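Here is how the chains run, residue by residue.
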Amino acid sequence: MNTLKIAIQKSGRLHDESIQILKDCGISVYNGNDQLKVTASNFPLEVYYLRNSDIPQYLIDGVVDIAIVGDNLLVEKGQNIQIAEKLGFSKCKVSVAVPKIFDYNTIQDLNGLRIATSYPKTVLDFFNSKGITVDIHQISGSVEIAPNIGLSDAIVDIVSSGSTLFKNGLKEVEVILQSEAVLAVSPQISEEAKALLNKLQFRIQSVLRSRKSKYILMNVPNHKINNISNILPVLKSPTVMPLAEKGWSSVHSVIEEDTFWEVIDQLKEAGAEGILICPIEKMVL
């Protein structure tokens, strides 16, 4: 039987969220013995637990078919690796940071400085595009301490909340790129593995839709149903069921998380009452 091989980060936040989305897709992965490779019990999937920085090469070499990885890593190491799906979690930035006492006005202030980073290609490509020359010091881990120990004048690193920069007396001055977890595909993936990928991607898309949406039901006077329906564009048409009270119906539909409160206000103004909101586990279209 054909098996789809997926790489995920061995540990850390991206690992936890990767396992969670597989779980939400109905795929059971057990790794109680801390194995580096495990097989799902209910889907033809082998999971490889790898160091984050090694994943792009495993994809390029065709050792794994797909991977859940930050797209910032693909910018640095994963040329020609296709992104099948943006997953919406583990969002962060790759940013330039300098000591708080640095008098920063424009990007030209970085010209000629020493910059410590784990992303040398990304940094050089960025500064070359700006016509700025910098001296790259490539290091792995604890990049944020480099200015404090005299190794560099600035750093380029991943920034999530900014708390690590703050603790080390640094401030963010430029954002090089925005990043999130993506489903990446090996350029050597076989046709058999592609068929399995399509099945997995279908499940992932259903999970992602549910995360972005809420199920809504409300009581509506019958003469206002058309107006209410025009406010609910997510599905083809809302479900309308008569209530015991004459002249009223229960209207069911889906609304998007991003516009949740705006839509609720519109529904109330249009005459909806008794509005209930429920989470959606899966959303298959």
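Residues numbered from 1 in each chain as written. Predicted model: local features only at pLDDT ≥ 70, side-chain atom pairs only at ≥ 80, totals over all residues. Heavy atoms only, no water.

Chemist: Any chance you could explain the overall build of the protein chain here in plain terms?
Modeler: Each helix and strand in the protein chain was counted, giving eight helices and 15 strands. Over its C-alpha trace the protein chain gives a radius of gyration of 24 Å, far above what one expects of a compact globule, namely 19 Å for 285 residues. For the protein chain, the spread of C-alpha atoms along the three principal axes comes to 80 × 55 × 35 Å. Here the protein chain holds 285 residues, and 44% of them are scored as buried. A sequence separation of at least 24 residues applies to 70% of the contacts in the protein chain between residues at least 6 apart. Roughly 15100 Å² of accessible area belongs to the protein chain as shown, and the carbon and sulfur atoms make up 48% of that amount. Both charge centroids of the protein chain, one from 28 positive and one from 32 negative side chains, sit 4 Å from each other. (Helix = DSSP H or I, 4+ residues; strand = E, 2+ residues; numbered from the N terminus. Rg over C-alpha atoms; globule rule 2.2 N^0.38 Å. Buried < 20%, exposed > 50% of the residue type's maximum accessible area, 1.4 Å probe, protein only. Contact = heavy atoms within 4.5 Å. Areas by Shrake-Rupley, 256 points an atom, 1.4 Å probe, with all protein chains shown as cover. Lys, Arg positive; Asp, Glu negative; His and termini not counted. Charge placed at Lys NZ, Arg CZ, Asp CG, Glu CD.)

Chemist: Whenever I open this one, the environment of Asp125 confuses me. Can you help?
Modeler: Inspection of the secondary structure assignment puts Asp125 in helix H4 (residues 120-129). Given the relative accessible area of 40%, Asp125 is considered partly exposed. Here the alpha-carbon distance between Asp125 and Ile6, two residues 119 residues apart in the chain, equals 29 Å.

Chemist: Any chance you could explain the side chain of Ser213 here in plain terms?
Modeler: Relative to the helices and strands, Ser213 is located in strand S12 (residues 213-221). Take Ser213: its relative accessible area is 7%, and that puts it in the buried class. Looking at Ser213, its side chain comes within polar contact range of the main-chain oxygen of Arg209, at 3.0 Å. Leaving out residues up to four positions away in the same chain, Ser213 has contacts with Val254, Ile255, Glu256, Glu257, Ile280 and Met283. (Polar contact = N/O pair within 3.5 Å; in protein donor to acceptor, adjacent residues only side chain to side chain.)

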